[in-house]
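A look at the structure
The chain contents come next:
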Amino acid sequence: MNQMDTRLAKLARSGDRAAFAELVELYKDKIYHLAYRMLHNRHEAEEIVQETFLRVYTNLDRYDEQQKFSTWIYRIGTNLCIDRLRKRKINYSLDAEMSDGEGSDWYSALPSREETPDNQVVLSETQDQIRESIKTLPEKYRAVVILRYLQDLSLQEISDVLSMPVTTIKTRLHRGREFLRKKLEQVL
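As a starting point, this report considers the structure included with it. (Residues numbered from 1 in each chain as written. Predicted model: local features only at pLDDT ≥ 70, side-chain atom pairs only at ≥ 80, totals over all residues. Heavy atoms only, no water.)

1. Topic: the pattern of salt bridges
In total, this model carries 13 salt bridges according to the counting rule given. Its salt-bridge partner being lysine 10, residue glutamate 65 comes within 3.6 Å of it at the nearest N-O pair. Residue glutamate 65 is located in the loop between helix H3 (42-58) and helix H4 (69-89), and its partner lysine 10 is located in helix H1 (residues 2-13); the two are separated by 55 residues in the primary sequence. Classification of lysine 10 as partly exposed rests on a relative accessible area of 45%. (Salt bridge = Lys/Arg side-chain N within 4 Å of Asp/Glu carboxyl O. Helix = DSSP H or I, 4+ residues; strand = E, 2+ residues; numbered from the N terminus. Buried < 20%, exposed > 50% of the residue type's maximum accessible area, 1.4 Å probe, protein only.)

If you want it as structure tokens, here you go:
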């Protein structure tokens with residue numbers, strides 16, 4: 001995948017619109033899911049996807065072919081989400097309307113051992129609690145947890161995306177898990 005991404009980026013840099021369209025197809029859903037999980041807002045996630053590809057297109061000449069393309073595009077998307085969260089913090093209110101649960105499709109990938117209606121309700125409630133708990137994570141832990149467990153990036157890839165040492169990523173991941181464990185012990 002990495003060589004194909006690099007080849008498509010080279011072609012797109014030289015003006016090949018079809019190559020750029022292929023990059024968009026490869027990454028649009030991944031960036032959307034990343035943005036939705038960080039922002040919990042469908043419209044903002046869609047805006048982040050557009051802004052990410054706009055930045056990719058305008059900065060293709062800055063792409064270092066020695067680096068994985070996926071790391072580069074995830075870094076752009078993550079940084080845009082973090083910027084959005086920082087701007088949003090100013091207006092954050094406890095009375096703010098909660099998200100309506102859209103985008104819970106990533107939970108549908110979890111295998112169900114039993115398909116009874118009771119178990120489905122319990123599973124749904126548990127997933128809601130996990131989703132709500134992830135929303136309450138401090139920003140610095142939320143990004144790492146989402147990139148590791150929901151986007152399935154390695155510690156090194158997360159380190160590259162967030163421009164932090166792997167040791168810092170490990171620490172934040174551990175603290176984020178502990179935060180979630182304590183939070184979920186209270187509700188489950």
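Structure shown, so let's carry the discussion forward.
2. Points about unusual backbone geometry
Only a minority of non-glycine residues have a phi that is not negative, and only a minority of peptide bonds are not trans. The phi dihedral of histidine 40 falls on the positive side, at around 60°, and the residue is not glycine. Along the chain, histidine 40 falls in the loop between helix H2 (17-39) and H3. Judged by relative accessible area, histidine 40 falls into the buried class, the value being 15%. Its identity as a non-glycine residue notwithstanding, aspartate 152 has a phi of 60°, on the positive side. Take aspartate 152: its relative accessible area is 61%, and that puts it in the exposed class.

3. Description of the side chain of serine 133
Note that serine 133 resides in helix H5 (residues 117-136). A residue is classified by how much of its surface remains accessible, and serine 133, at 2% relative accessible area, is buried. If sequence neighbours within four positions are ignored, serine 133 has contacts with Phe179, Leu180, Lys183 and Leu184. (Contact = heavy atoms within 4.5 Å.)

4. Side note on H2
At tyrosine 27, H2 is bent by approximately 45°, the largest bend along its length. Directly beyond the C-terminal end of H2, a positive phi value near 60° is found at histidine 40. (Bend = angle between axes of the 7 residues up to and from the residue.)

5. Observations regarding the packing of aromatic side chains
A complete count under the given rule lists seven aromatic pairs for this structure. Seen from their ring centres, phenylalanine 69 and tryptophan 72 are 5.7 Å apart, and the 55° between their planes marks the pair as tilted. On the criterion of helical spacing, the pair formed by phenylalanine 69 and tryptophan 72 is a turn pair, its members being three residues apart in helix H4. Taken together, the ring pairs in this structure connect Tyr27, Tyr63, Phe69 and Trp72 into an aromatic cluster. The side chain of lysine 30 reaches across the aromatic face of tyrosine 27, ending 5.3 Å from its centre. One Lys or Arg, arginine 148, reaches over the ring of tyrosine 149 and ends 6.0 Å from the middle of that ring. (Phe/Tyr/Trp six-rings, centres within 6.5 Å; stacked < 30°, edge-to-face > 60°. Lys NZ or Arg CZ within 6 Å of the ring centre and 35° of its normal.)

6. A word on the packing of H2 against helix H6 (residues 139-150)
Direction vectors running N to C along H2 and H6 enclose 140°, while the axes themselves pass 10 Å from each other. By the angle class used here, H2 and H6 are oblique. Taken as a pair, H2 and H6 cross one another with a handedness that is right-handed. On H6, the residues that touch Leu34, Arg37 and Met38 of H2 are Arg142, Ala143, Ile146, Leu147 and Leu150. Its residues assigned to classes, the contact of H2 with H6 comprises six nonpolar, no polar and two charged. (Axes fitted to C-alpha atoms, helices over the stretch in contact; angles between N-to-C directions. Parallel < 35°, antiparallel > 145°, perpendicular 65-115°, else oblique. Left-handed = near helix turned anticlockwise from the far one by under 90°. Nonpolar A, V, L, I, M, F, W, Y, C, P; charged D, E, K, R; others polar.)

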